[in-house]
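Structural overview for review
Residues per chain are reported as follows:
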Amino acid sequence: MTRISITVDGVRYDDDVEARTLLVHHLRDRLGKVGTVVGCDTSNCGACTVLMAGDAVKSCNVLAVQADGTEIITIEGLAGGDGSLHPVQQAFHDRHALQCGFCTPGMILAAVDLLAENPDPSDAEIREGIEGNLCRCTGYQNIVRAVRDAASALRGAQVAEPASAVDGQMPGTPQAPPAVPSEPESVPVEAVPRPVP
Ligand code: FES
Ligand code: FES
């Protein structure tokens, strides 16, 4: 076992992990971050995407020990501390950029990374930026529209700051209440009504 300390969604966690433990399994099984989902477990689909040190990574392709000392943002920590949706989340909601929603957490985080690197991408650049994230439902059209809208919003709006980390609790336990409730409804995929065909 190896001792690691990672900050996830603004909360620091100290834990002992096996060297073989994947980050996605640590997030889901140990820390309860089930908004990060497993689609393939072979680094193909992007459903498990999180932000690690600001960069989108497929967490099924990262060992938990490799995340030691880093800051992780999952879909559950993307909204502002006041509960307001991140502009990318809001745009996915407004554009109905999902159907089943399984790809959505990873797709949103990939888009956040894309827009951090390229605030004004063309549609071609958006498609290239999210090419590592597969969607079996939408045909991608509304996803591209949502990312385009989010880019505009981010260029013109200030994003609410995530809740800050709090230090000083026992190792192996969350050091502060989660910044955002982790109930399923906090993942923005289930609140969106489906259009009538
Ligand atoms: S579950 Fe990680 S890329 Fe598919
Ligand atoms: S996989 Fe169903 S909405 Fe993308």
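Now for a look at the structure at hand. (Residues numbered from 1 in each chain as written. Chains lettered and ligands numbered in written order. Predicted model: local features only at pLDDT ≥ 70, side-chain atom pairs only at ≥ 80, totals over all residues. Heavy atoms only, no water.)

1. Brief notes about the pairing of strand S1 (residues 2-8)
Summarising the sheet, S1 and strand S2 (residues 11-17) pair through 7 bridges and their orientation is antiparallel. Paired with Ser5 across the bridge in S2 is Asp14. Hairpin remark: S1 followed by S2, antiparallel, with 2 residues in the connecting loop; positive phi at Asp9, about 50°. Inspection of the sheet shows S1 paired to strand S5 (residues 71-73) by 2 bridges, in the parallel sense. (Pairing = 2+ DSSP bridges. Helix = DSSP H or I, 4+ residues; strand = E, 2+ residues; numbered from the N terminus.)

2. Some thoughts on unusual backbone geometry
Residues apart from glycine generally show negative phi values, whereas peptide bonds are mostly found in trans. With a phi angle near 65°, Ser43 is a residue other than glycine that sits in the positive phi range. Locating Ser43 in the fold gives a position in the loop between helix H1 (23-30) and strand S3 (49-52). Overall, Ser43 belongs to the partly exposed group, its relative accessible area being 27%. The phi angle at Ala53 is positive, at roughly 55°, despite the residue not being glycine. Its location among the elements puts Ala53 in the loop between S3 and strand S4 (55-58). (Buried < 20%, exposed > 50% of the residue type's maximum accessible area, 1.4 Å probe, protein only.)

3. Overview of the side chain of Ser59
Mapped onto the secondary structure, Ser59 falls in the loop between S4 and S5. You can call Ser59 buried: its relative accessible area is 0%. Within the structure, the side chain of Ser59 is placed 2.6 Å from the backbone oxygen of Cys48, a separation counted as a polar contact. Among all residues touching Ser59, those that are not within four sequence positions of it are Leu22, Leu23, Val24, Leu27, Thr36, Cys48 and Val50. (Polar contact = N/O pair within 3.5 Å; in protein donor to acceptor, adjacent residues only side chain to side chain. Contact = heavy atoms within 4.5 Å.)

4. A look at helix H3 (residues 104-117)
For H3, which comprises 14 residues, the first-to-last C-alpha distance of 20 Å matches the rise-based estimate of 20 Å (1.5 Å per residue) to within 8%. For H3, the buried fraction is high: 12 of the 14 residues fall into the buried class. Taken together, the buried positions of H3 are occupied by Thr104, Pro105, Gly106, Met107, Ile108, Leu109, Ala110, Ala111, Val112, Asp113, Leu114 and Leu115. The secondary structure elements touched by the buried residues of H3 are S3, S4, S5, helix H2 (87-94), helix H4 (123-129) and helix H5 (141-156). (Expected span 1.5 Å × (residues − 1).)

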